[in-house]
Amino acid sequence: MGTLYLVATPIGNLEDISPRAVRILGSVRLIAAEDTRVTKKLLTHFSLHTPMTSYFEHNKLLKMDQVLAELQKGDVALVSDAGTPAINDPGFELVRAALQAGFEVCPIPGPSAPLAALAASGLPTDAFLYLGYLPRKTGDRRSFLEAVKEYPFTLILLESPHRLLAALSDLESSLGDRPVAVARELTKLHEQIWRGTLHAAQEYFSQHEPRGEFTLVVAGKPPQQDRFWTEEQVMVAVRLGLRLGEAPSTLAKRLAEESNWNRKELYSIILDQK
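Residues numbered from 1 in each chain as written. Predicted model: local features only at pLDDT ≥ 70, side-chain atom pairs only at ≥ 80, totals over all residues. Heavy atoms only, no water.

J.: Describe in detail the overall build of the protein chain, supporting the description with residues and values.
T.: Regarding its fold elements, the protein chain presents 11 helices and 10 strands. Here the C-alpha radius of gyration of the protein chain, 25 Å, is well above what a compact globule of 274 residues would show, namely 19 Å. When the backbone C-alpha atoms are referred to their principal axes, the protein chain occupies close to 80 × 40 × 30 Å. Residue burial in the protein chain is summarised as follows: out of 274 residues, 44% are buried. (Helix = DSSP H or I, 4+ residues; strand = E, 2+ residues; numbered from the N terminus. Rg over C-alpha atoms; globule rule 2.2 N^0.38 Å. Buried < 20%, exposed > 50% of the residue type's maximum accessible area, 1.4 Å probe, protein only.)

J.: How would you sum up the environment of Ala116? Please name residues and give values.
T.: Turning to its location among the elements, Ala116 is positioned in helix α5 (residues 113-121). On the basis of relative accessible area, Ala116 is assigned to the partly exposed category, the value being 34%. Remark: the alpha-carbon pair of Ala116 and Glu159, spanning 43 residues in sequence, is separated by 15 Å.

J.: Please set out the sheet that holds strand β2 (residues 30-33) residue by residue, giving values where relevant.
T.: Read from one edge of the open sheet, five strands run β3-β2-β4-β1-β5, paired in parallel fashion. Every other strand in the sheet has two partners, leaving β3 (52-54) and β5 (104-108) as the edge strands with one partner each. Strand-to-strand twist of the sheet, defined as the mean angle between neighbouring strand axes without regard to direction, takes the value 25°. Contacting β1 (3-7), β2, β4 (76-79) and β5, helix α1 (residues 19-27) runs over the sheet at an angle of about 140° to β5. On top of the sheet, helix α4 (residues 91-100) reaches β1, β4 and β5; it is set at about 155° to β1, its chief contact. (Pairing = 2+ DSSP bridges. Axes fitted to C-alpha atoms, helices over the stretch in contact; angles between N-to-C directions. Contact = heavy atoms within 4.5 Å.)

J.: Give a description of the sheet that holds strand β9 (residues 192-197) that names residues and reports values.
T.: Strands sit in the order β6-β7-β10-β8-β9 across an open sheet of five strands; the sheet is mixed. Only two strands of the sheet have a single neighbouring strand rather than two, namely β6 (128-133) and β9. Across the sheet, the mean angle separating the axes of adjacent strands is 15° when strand polarity is ignored. With five bridges connecting them, strand β8 (residues 179-184) and strand β10 (residues 214-218) associate as antiparallel partners. Paired with Ala181 across the bridge in β10 is Val217. Where α5 meets the sheet, its contacts fall on β6, β7 (154-159), β8, β9 and β10, and the angle it forms with β10 comes to roughly 45°.

J.: Give me the lowdown on the nonpolar core, citing residues and values where you can.
T.: General note: in soluble globular proteins, nonpolar side chains tend to be found buried as a group. Counting residues in each nonpolar core, the largest one holds 20 residues, and the members touching the most others are Leu168, Leu171, Val180, Val182, Phe205, Leu216 and Val218. When residues of this core are traced back to their parent elements, those giving at least two are β7, α7 (164-175), β8, α8 (198-207) and β10. Of all the elements, α7 adds the most residues to this core, at five residues. Leave out the neighbours within four places in its chain, and Val180 touches Leu123, Trp194, Arg195, Gly196, Thr197, Leu198, Ala201, Val217 and Val218. By size, the runner-up hydrophobic cluster in this structure holds 17 residues, among which are Tyr55, Val67, Leu94 and Ala98. (Core = buried A, V, L, I, M, F, W, Y, C linked by side-chain atoms within 4.5 Å.)

J.: Outline the pattern of salt bridges, listing residues and values.
T.: With the rule as written, the count across this model stands at 13 salt bridges. By sharing partners, the salt bridges in this structure join Glu57, Lys60 and Glu93 into a single network. (Salt bridge = Lys/Arg side-chain N within 4 Å of Asp/Glu carboxyl O.)

In structure tokens form, the structure reads like this:
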């Protein structure tokens, strides 16, 4: 029985492939590739002539049995177009089927856009949540983000250039104006990592046409204070602030930070008290 090797391939720069990955790709009996045309260019660059078969979202059910049959005869490598296979592609289903059939599954680590972006983001890396691609529709996207807005973990997600601005807008609407690193074309000639806030990112990319595939790294929910103020505490602070001549918007912002109350709700209370 063979081993299923999960071989990470370059996300741009061919120098990032490991010698071990090249050796495995040259020694297996078959390579299951997301797109054989893309993988062919990689094999040609390293003078490899291993047979290939396609394995992707729309033919996975037809090809899975073929790959498992090849594993009965010897080793097989699984690759995606770029990066680590089985992350955000149907490779995980093949991995699960191979394990259930009793085959060994061996990862060959290497390039990964989400981890590369996280490491260079300047945001906390001790705990993070990988979300993959956001839903395409605005309503679905916002519902999805509402489900994760309370998490303190750094969030990592992928986005296409034509949906970038909409995604940034929905991220700000759902999560607030958090710090973000926007990475594109990692390891390639036009690599860029833009750092700032979600609001500033919208301004920047509305003036600079988004190109290439994007990885977004967004700060998790900031730590909250130990407790919320009571309604009585809020009313006392509101009346005091107004008596001292503090502007409603300034007062609402300050009290939101101090009390853990919603800023809009505080602003409404302040206006009622004026």
